[in-house]
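Architecture and fold: a report
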Amino acid sequence: MGAGFFLSFEGIDGSGKSTQARLLANALKKAGHDVVLTREPGGSDGAEEIRRLLVEGDPNRWSAETEILLFTAARRDHMERTILPALEQGKIVISDRFADSTRVYQGATRGDLRGIVDQLHDLMIKREPDLTLVINMSPNDALARGLARDSGEDRFEDFGLAFQQKLHDGFASLKHDFPDRIRMIDGARDMHTIADGIRDIVLDALP
Ligand code: ADP
Ligand code: TYD
């Protein structure tokens, strides 16, 4: 079996990642590909348990350092149990968020902890996606969409608009760090127009 293809969606809360990940998974399945759609934090039994510790409760429940450890622990389990086995079977793995979220949320917004994030990544995760689609949209629009869901998982959204603006700038600057891997997608369009553009980019990038 081949090496598979690993794709991640990134962007601020409410930017439309989950919607686009789902539409892409459906389009690729229709085209005959074997697809695993997964998410972070989560994507394996153990990582879903860690997710609950992370996304529920008081915004100041964890320090930034503790958060980095929890996200990395969840990612390691997700990698071992879900992502690597699927890639080894030659599948396309679509992850709704991956390591770039930690670089931006923990590494750039709450003190300059990017060095720690990168060191832990090199030590415990190692691999990057083959392609990352960053859905770019204004924090105002995205926050309105995100909070409208009222999912009970609003710990990060509760940090507010200034925090979302920092995240937006953090995601935009990732393009400079990983120019070959990252594609910026304009998220302020109709969801099917966005999905058509993403499908073309991905079909072009597949080996
Ligand atoms: P994320 O996963 O980035 O938080 P979602 O995909 O869950 O974002 O989308 C957040 C909300 O916005 C959902 O209610 C979804 O139906 C809606 N939505 C997603 N994409 C669009 C779009 N292009 N235009 C308008 N609403 C959208
Ligand atoms: P998610 O369920 O993707 O939220 P949303 O659908 O609102 O975008 O992720 C939950 C929260 O966890 C989200 O606010 C982003 C945050 N997060 C981090 O802070 N660091 C990380 O490494 C990851 C994967 C997520």
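Residues numbered from 1 in each chain as written. Chains lettered and ligands numbered in written order. Predicted model: local features only at pLDDT ≥ 70, side-chain atom pairs only at ≥ 80, totals over all residues. Heavy atoms only, no water.

Here we look at the site of ligand 2
As a reminder of what qualifies: Nearness here has a simple test: a residue counts as near a molecule or strand if at least one of its heavy atoms is within 4 Å of that partner. Under this definition, polar contacts are N or O atom pairs within 3.5 Å; protein pairs additionally need one hydrogen-donor-capable and one acceptor-capable atom, and for neighbouring residues in sequence, both atoms have to be side-chain atoms. Accessible areas in this description were obtained via Shrake-Rupley with a 1.4 Å probe; residue shielding takes into account the shown protein chains only. Helix and strand definitions here come from DSSP, where helices need a minimum of 4 consecutive H or I residues and strands a minimum of 2 consecutive E residues; each element is numbered from the N-terminal end.
Ligand 2 sits among 16 residues. The nearest are D13, R51, R97, T102 and Q106. Contacts to ligand 2 include K17, whose side-chain N or O atom sits 2.9 Å from an oxygen atom. Between ligand 2 and Q106 there is a distance of 2.8 Å, counted from an oxygen atom to a side-chain nitrogen or oxygen. Against a free-state accessible area of 540 Å², the protein chains account for coverage of 95% of ligand 2. If you list the elements that add at least two residues to the shell around ligand 2, you get α2 (45-55), α3 (64-88) and α4 (99-105). By residue number, the principal contributor to the shell around ligand 2 is α4, which donates 3 residues.

Section: the site of ligand 1
Around ligand 1, a shell composed of 14 residues is seen, among which G14, K17, S18, T19 and R189 lie nearest. Between T19 and ligand 1, the recorded distance is 2.5 Å, taken from a side-chain N or O atom to an oxygen atom. Within the backbone of M191, an N or O atom sits 3.3 Å from a nitrogen atom of ligand 1. Listed by contribution, the elements that provide at least two residues to the shell around ligand 1 are α1 (17-30), α6 (139-149) and α8 (191-205).

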